[in-house]
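# Report on the structure
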Amino acid sequence: MKPKVGVFGASGCAGCMLSIPFLEDEILDIIGQVNLLSFSLIKGRNINDEFDLVFFEGVICHNDDLEVLRKVREKTKILVAFGSCACTGGIPATRNFVDESKFNHLRHKKMDFIADREPMPIDHYVDVEYHLPGCPPSQPEIVRFLKQVLLGKDFRPFDKPVCYECKLNRNRCLLEDGKICFGTLTQGGCDAICPNGGYECWGCRGPAQDVNIEEVYTLFKDKGIPEEQVRNRVTTFMGMRMKEHDKTLKLLRQDQTKKQETKQEAK
Amino acid sequence: MTNTIKLNHICKIEGHASLTLGIEGKKVTTCQLHAIEGSRYFEGLLLGRQFVEAHEISSRICGICSCGHNIAAIQAQERALGIQPTEQTKLLREILTLGERIRSHATHLYFLALPDYLGYESAIAMTAKFKNEVAAALKLVKLGNDMVRIVGGRVMHQISCTVGGMLKIPSKADMLELRKQTMDCFPDAEATLKLFFGLQYPDFKNESEYFCLQEDNNYAMHSGRIVSKSHTFEQEKYHDFIKEYQEDYATSNFAVKADKPYMVGSLARVNNNFNLLTERAKKMVADSPYTFPSFNPFHNNLAQAIELVDALDRTINVIKKLDLKEEKVIQPDFKQEMHGISAVEVPRGTLWHEYKCNEKGEITFANIVTPTCQNLRNMEKDIRAYVEQVVDLPREKLVLEVEKLIRAYDPCFSCSTHFLKVKWVK
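Position numbers for residues count from 1 along each chain, tracking the sequence in the order it is written. Here every chain gets a letter starting at A, and every ligand a number starting at 1, in the order they are written. Residue-level local features of this predicted model are given only where pLDDT is at least 70; pairs of side-chain atoms are given and counted only at 80 or more, and the full residue set underlies all totals for whole chains, interfaces and linings. Derived side-chain values reflect all non-hydrogen atoms in the structure, with water molecules and hydrogen atoms excluded from consideration.

## Brief notes about the overall build of chain A
Worth spelling out the cut-off: Helix and strand definitions follow DSSP, with helices as H or I runs of at least four residues and strands as E runs of at least two, each counted in order from the N terminus. Our radius of gyration is a C-alpha quantity, and the globule rule it is checked against amounts to 2.2 Å times the number of residues to the power 0.38. Exposure categories follow from relative accessible area, calculated using a 1.4 Å probe and restricted to protein chains: below 20% of the type maximum is buried, above 50% is exposed, and the middle band is partly exposed. Only heavy atoms enter the contact rule, under which two residues are in contact if any of them lie within 4.5 Å. Only the protein chains shown count as covering a residue, and every accessible area follows the Shrake-Rupley method with a 1.4 Å probe. Note that His is not counted, nor are the chain ends; the positive residues are Lys and Arg, and the negative ones are Asp and Glu. By convention, the charge on Lys lies at NZ, on Arg at CZ, on Asp at CG and on Glu at CD.
Of the regular secondary structure elements, chain A holds ten helices and seven strands. Its C-alpha atoms give chain A a radius of gyration of 19 Å, near enough to 18 Å, the size a compact globule of 267 residues would have. Each principal axis of the C-alpha atoms in chain A carries an extent, and together these give about 60 × 55 × 25 Å. A burial count over chain A gives 55% of its 267 residues as buried. Taking the contacts inside chain A whose residues are at least 6 apart along the sequence as the reference set, 71% of them involve residues at least 24 apart. Of the roughly 12200 Å² of accessible surface on chain A, a fraction of 50% belongs to carbon and sulfur atoms. If the 38 positive side-chain charges of chain A are averaged to one point and the 39 negative ones to another, these points end up 1 Å apart.

## What about the sheet that holds strand 12 (residues 338-346) of chain B?
All names here are of chain B. Spelled out, the test is: For two strands to be treated as a pair, DSSP must find no fewer than two bridges joining them. Note on geometry: axes are C-alpha line fits, over the in-contact stretch for helices, and angles between N-to-C directions span 0 to 180 degrees.
Across the sheet, which stays open at both edges, the three strands sit in the order 12-13-14 with antiparallel pairing between neighbours. Sheet topology places strand 12 and strand 14 (363-369) at the edges, where each strand pairs with a single neighbour. Strand after strand, the sheet turns through a mean of 10° between neighbouring axes, direction not considered. Packing of helix 3 (residues 66-81) onto the sheet brings it into contact with strand 12, strand 13 (349-357) and strand 14, and relative to strand 12 it is tilted by some 150°.

## So, helix 10 (residues 247-266) of chain A
Residue and element names in this part refer to chain A. Short version of the rule: By definition here, a helix of n residues has an expected span of 1.5 Å times n minus one. The arc refers to the directions leading from the helix axis to the C-beta atoms.
If you check helix 10, its first and last C-alpha atoms are 29 Å apart, about what 20 residues at 1.5 Å a residue would give, namely 28 Å. Residues of helix 10 that are buried: Leu249, Arg253 and Gln256. The buried residues of helix 10 occupy an angular sector of 65° when the element is viewed end-on, so they sit on one face. Counted as exposed and oriented over 90 degrees from the buried face of helix 10: Lys247, Leu251, Lys258, Glu265 and Ala266. Against strand 6 (116-120) and helix 9 (227-242) lie the buried residues of helix 10.

## Things to note about the packing of helix 9 of chain A against helix 10 of chain A
Residues and elements named next belong to chain A. Applied cut-off: Just so you know how the angles are binned, under 35 degrees is roughly parallel, over 145 roughly antiparallel, 65 to 115 roughly perpendicular, and the rest oblique. Three categories are distinguished: nonpolar for Ala, Val, Leu, Ile, Met, Phe, Trp, Tyr, Cys and Pro, charged for Asp, Glu, Lys and Arg, and polar for the others, with Gly belonging to the last.
At their nearest, the axes of helix 9 and helix 10 sit 11 Å apart, and the two run at 75° to each other. As the angle between them shows, helix 9 and helix 10 are arranged roughly perpendicular. Between helix 9, through Arg231, Val234, Thr235, Gly239, Met240 and Met242, and helix 10, the contact on the second element is made entirely by Thr248, Leu249, Leu252 and Arg253. Of the residues contributing to the contact of helix 9 with helix 10, the split by class is five nonpolar, three polar and two charged.

## Topic: the pattern of salt bridges
Residue and element names in this part refer to chain B. Condition: Every case where a carboxyl oxygen of Asp or Glu lies within 4 Å of a side-chain nitrogen of Lys or Arg is listed as a salt bridge.
Using the criterion set out here, one finds 43 salt bridges over all chains in the structure. Between Glu53 and Arg49 there is a salt bridge whose closest N-O contact spans 3.0 Å. For the salt bridge of Arg225 with Asp216, the shortest nitrogen-to-oxygen distance reads 3.0 Å. What makes Arg225 partly exposed here is its relative accessible area of 24%.

## Comments concerning the domain arrangement of chain A
All names here are of chain A. For clarity, the threshold we go by: Domain segmentation is taken from an automatic or database assignment of domains. Accessible area, probed at 1.4 Å, shrinks when two parts are joined; the buried area is that loss added up over both.
When its domains are assigned, chain A resolves into domain 1 (4-150) and domain 2 (162-255). Spacing between the C-alpha centres of domain 1 and domain 2 amounts to 24 Å. Of the residues lining the interface, 19 residues belong to domain 1; the matching set on domain 2 comes to 17 residues. Regarding the contact of domain 1 and domain 2, the summed buried area is about 1500 Å², with carbon and sulfur atoms giving 57% of it. Interface area lost by domain 1 to domain 2 is led by Thr88, Phe97 and Pro133, which between them contribute 43%.

## Some words on the interface of chain A and chain B
Often the size quoted for an interface is simply the accessible area lost on bringing the parts together. The following threshold applies: Here a polar contact is taken to be a pair of N or O atoms separated by no more than 3.5 Å, where protein atoms must pair a possible hydrogen donor with a possible acceptor and residues adjacent in sequence count only if both atoms sit in side chains.
Contacts between the two partners involve 57 residues from chain A and, on the opposite side, 61 residues from chain B. Carbon and sulfur atoms supply 64% of the area that chain A and chain B bury against each other, a total of about 5200 Å² over both sides. Where chain A packs against chain B, one counts three salt bridges. The tally of links from chain A across to chain B stands at 13 residue pairs in polar contact (both at pLDDT 80 or more). Elements supplying a minimum of two residues to the side of chain A that touches chain B: helix 1 (15-18), helix 2 (27-33), strand 4 (60-62), helix 7 (193-196) and helix 9 of chain A. Ranked by the residues each element gives to the side of chain A that touches chain B, the list is headed by helix 9 of chain A, at six residues. Here the side of chain A that touches chain B is composed, by residue class, of 26 nonpolar, 20 polar and eleven charged.

## Thoughts on the sheet that holds strand 9 (residues 232-233) of chain B
Residue and element names in this part refer to chain B. With respect to topology, three strands assemble into an open sheet ordered 7-8-9, the strand pairing being antiparallel. Edge positions in the sheet fall to strand 7 (212-214) and strand 9, since each has one partner strand and no second. Sheet analysis places strand 8 (residues 225-227) next to strand 9, joined by two bridges and oriented antiparallel. Within strand 9, the residue paired with Ile226 across the bridge is Phe233. The sheet contacts of helix 9 (residues 266-273) involve strand 7 and strand 8, and relative to strand 7 the element is tilted by about 35°.

## Points about helix 4 (residues 87-118) of chain B
Residue and element names in this part refer to chain B. We count it as follows: The angle between axes fitted to the seven-residue stretch ending at a residue and the seven-residue stretch beginning at it gives the bend at that residue.
Helix length check: helix 4, at 32 residues, gives a terminal C-alpha distance of 44 Å against a target of 46 Å (1.5 Å per residue), a fit within 8%. The largest bend in helix 4 is about 35°, located at Leu109. Looking at the residues trailing helix 4, positive phi occurs at Gly119, about 80°.

Right, here's the structure in full:
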């Protein structure tokens, strides 16, 4: 029997799930190997049965998102947090570190606020079997993952930072140019695709193992880059993951949580 | 008695949306298109960030239009900073926009729209019987993706574009390869257009105000003035025409001109700029039973197929003009408060980015208006009129027809979900 597969999305840009049909050379083979039950981006008839494997994209930032996630979790053997938003909260979760005054004016005045939640990665609410990080996830990694998992094997994520892959590719080090490059901080597996294109790593794949964030702040400070700029950048893709390593971020987050709680009590 | 039809989670569109329809007798009393995406507050998250970070962050609004958001943000910043990008930079960005248009139109036409017309639930279900069509679709998607990958460095959320230039210049060999690949795809693009000329579109007419960019000698993508039948204005003047607007049933934007809806996208571009299409595209239309301007919103699919042929021609022309050489990125200089606006023709229509920054180079204001949020009101208008025309159909068929109309617009609800409301006042 072919494994039953689903692709679901919470709030996001649909870029991660589009990365699947954008595997033009492999997509027909992949579809031939699985029973694609649900993928509402490209299918009209979607069956919510038990799943062997589900790719889940997006950040949980309103109640509907959470409802879908919980339902899918119940029925799924292997749930994959797919892409930055699902793995780390991605860019939307930056909001968890900034003052509400920055985005309050964007709230919908006529709609009930209750539906809106603080953006969280999906493993904040449910257990997941695998993370495939990245904004977007690396396409070769998606294929490698599928090959392993469809064969019933375990998938092991790449265990070295982006910097390691970047060196192998013999790129010029962007730190030398005074760029805020997070290659040293970030989990690899993307083949250092951004530095390959001359662009600094923003950390979209989340922190690597054993990061030393303090050392990184010192490094940028020595180059004359204000700490606030560096910290803003850290929050962009991996704030929710880095707060355990970065005391200031942890405090910022606690501050925001406290404000939310006070507001809830006032209600 | 009111007969209420609710379509929850409409499939084969980008993002999440649903529709509530109230029908009394043969009249539509309610028509509400709900975007049910969570709010991501991009325009708020940009505040206080470095000006030159805007394009990286705002490209995440949408996967399929990521190049468009990226370029619109960069152009707005460059206009604010008074940076004039080089001819080579402009041409490379054109390849990105064309590549994005090719992959987006091919994806939409074959995977989202065509199954409706052929009576399948998805393109996957079509693969056995329509092998050649699916192969053509994947070939065109691959061409578009390769264009973005070679020039932009990555298929999704490209990385090479930056304020003042390109971080990496593709090699001449890559460009030759791309030219060959584009030439190889002409039969597929032409077959696509012929296929869409051959489909049966519902007999439905509902004239809209069609807005898009226009230039005198170019099928405008990145610059020009905004035109419709009765309006012409410069990009910088859009605030004179647009004011904020909110609905209580949806989390996305609605843009309305003098409380009248308007349409952006392929059909608007082909209707307004038909004469500026390439000769091949124009000739294929002339040999078909169709003429433009067309007031049938279902013909947006036709317009996309026409633009597909046009985009391939245009890609060859751009590659011909390119004589690639290394160029330095022009560095921004922040001295005072600055303000920039840019409109870009992305696959689904005119996309607006506007930013202000202070003398430290920090963003103090960001406003982004996406094509789908401009089209929502017009979609509702067309749904109302179309439902009244086909109201006698059995319910299941009626629902499918409505979905078909929504999909013809190629809406993207990922993009349209943000809270700055827009209203036309003139």
